[in-house]
Amino acid sequence: MLYKASFRTLQGSGWLSDEVIDAYIHHLLQKHKEAIFHLSAVLASSLFFNGQFKSLHKIKFPAEDVWLCPVNVTAHWILVIVNMAEKLLTVIDPMGNEDAYNRKILSNWQSSDESKYVWTVQTMNHNKQMDGSSCGVLVLKYAEEFLLSGNVDGVQTTLEVVSVHRMDIACALLENR
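Residues numbered from 1 in each chain as written. Predicted model: local features only at pLDDT ≥ 70, side-chain atom pairs only at ≥ 80, totals over all residues. Heavy atoms only, no water.

Visitor: Just give me the short version of the sheet that holds strand 4 (residues 88-92), but keep the residues and values in it.
Guide: With mixed pairing, 5 strands are arranged side by side in an open sheet as 1-2-3-4-5. Two strands in the sheet have a free side with no partner beyond their single neighbour: strand 1 (36-38) and strand 5 (120-122). On average, each strand axis in the sheet is tilted by 25° relative to the strand beside it, whichever way the strands run. Taken together, the 7 bridges between strand 2 (residues 66-72) and strand 3 (residues 77-83) define a ladder with antiparallel strand orientation. Within strand 3, the residue paired with Val 66 across the bridge is Asn 83. In this fold helix 2 (residues 18-31) packs onto strand 1, strand 2 and strand 3, with an angle of close to 165° to the strand it touches most, strand 1. This element, helix 5 (residues 135-149), spans strand 1, strand 2, strand 3 and strand 4 of the sheet and lies at about 25° to strand 3. (Pairing = 2+ DSSP bridges. Helix = DSSP H or I, 4+ residues; strand = E, 2+ residues; numbered from the N terminus. Axes fitted to C-alpha atoms, helices over the stretch in contact; angles between N-to-C directions. Contact = heavy atoms within 4.5 Å.)

Shown next, in the form of structure tokens:
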């Protein structure tokens, strides 16, 4: 459920709330034809950043091969895309600092994966964030572009375009209430 306070995070240049992040990814997946799993921002952040994966054992393990996982790393959003079939984690940091997260994300994921397969980590080419607060918006647009094309390099990150993205996200969420 989205509250007024959640929508307010889309105004101006504020940081997006996890409710907005999750609601918009849910909206994207409703329109998408292929089965993709969305690991909520709270669970994804607990797993990939904090290494607290006990909560995953309580949920039914999804059958989908691809997972979209928005991760909050100390007031900054990144996107982790899990490809179960390829044993591949794709880390996308709007600031372009994927190397700062890759080792920790891989270690935490492998600790949670009881199958003990060998996983690899990669990133995708993408335009970088140009301010200090649009990471959540860009994570959502990277997720959207990934679902449409399998890439994220087409997402524009200028301040003017990010402002339009914020409005588009708000309108989409309001239409789907």
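Here the narrative resumes, following the displayed structure.
Visitor: Residue-level account of helix 4 (residues 99-112), with values.
Guide: In a regular helix each residue adds 1.5 Å, so 14 residues correspond to 20 Å; helix 4 covers 21 Å between its end C-alpha atoms and thus fits that length. Turning to helix 4, its buried residues are Tyr 101, Asn 102, Ile 105, Leu 106, Asn 108, Trp 109 and Ser 112. At its buried positions, helix 4 is contacted by helix 3 (41-49), strand 2, strand 3, strand 4 and strand 5. (Expected span 1.5 Å × (residues − 1). Buried < 20%, exposed > 50% of the residue type's maximum accessible area, 1.4 Å probe, protein only.)

Visitor: Describe the pairing of strand 2, with residues and values.
Guide: Along any regular strand, the residues point their side chains to alternate faces of the sheet. In terms of residue burial, strand 2 counts as a mostly covered element, since 6 of its 7 residues are buried. The pairing of strand 1 with strand 2 spans 3 bridges and is classified as parallel. Pairing of Ile 36 across the sheet is with Val 66, part of strand 2.

Visitor: So what's going on with the environment of Val 42? Residues and values would help.
Guide: Structurally, Val 42 is set in helix 3. Note: C-alpha distance between Val 42 and Asp 22 (20 residues apart in sequence) is 9.2 Å.

Visitor: Describe the nonpolar core, naming the residues involved and giving the relevant values.
Guide: Among the nonpolar cores identified, the biggest contains 36 residues, and Leu 10, Leu 68, Phe 146, Ile 169 and Leu 173 are the most heavily contacted of them. Elements that contribute at least two residues to this core include exactly helix 2, strand 2, strand 3, helix 5 and helix 6 (159-175). No other element matches the 9 residues that helix 5 contributes to this core. Among all residues touching Leu 173, those that are not within four sequence positions of it are Leu 2, Phe 7, Leu 10, Val 20, Ala 23 and Tyr 24. Counting residues in each nonpolar core, the second largest holds 21 residues, with Val 71, Val 82, Met 84 and Trp 109 among its members. (Core = buried A, V, L, I, M, F, W, Y, C linked by side-chain atoms within 4.5 Å.)

Visitor: Describe the pattern of salt bridges, naming the residues involved and giving the relevant values.
Guide: With the rule as written, the count across this model stands at 1 salt bridge. Between Lys 141 and Glu 144 there is a salt bridge whose closest N-O contact spans 2.6 Å. Placement of both Lys 141 and Glu 144 in helix 5 is noted, with a separation of 3 residues, approximately one turn of the helix. Each member of the pair, Lys 141 as well as Glu 144, is classed as buried. (Salt bridge = Lys/Arg side-chain N within 4 Å of Asp/Glu carboxyl O.)

Visitor: Go over the packing of helix 3 against helix 4, please, and point to the residues and values.
Guide: It is the contact of helix 3 with helix 4, at a shortest axis distance of 7 Å, that shows an interaxial angle of 100°. Relative to helix 4, the element helix 3 is oriented roughly perpendicular. Contacts from Leu 47, Phe 48 and Phe 49 of helix 3 reach helix 4 at Lys 104, Ile 105, Asn 108, Trp 109 and Ser 112. Here the contact of helix 3 with helix 4 is built from residues that sort into 5 nonpolar, 2 polar and 1 charged. (Parallel < 35°, antiparallel > 145°, perpendicular 65-115°, else oblique. Nonpolar A, V, L, I, M, F, W, Y, C, P; charged D, E, K, R; others polar.)

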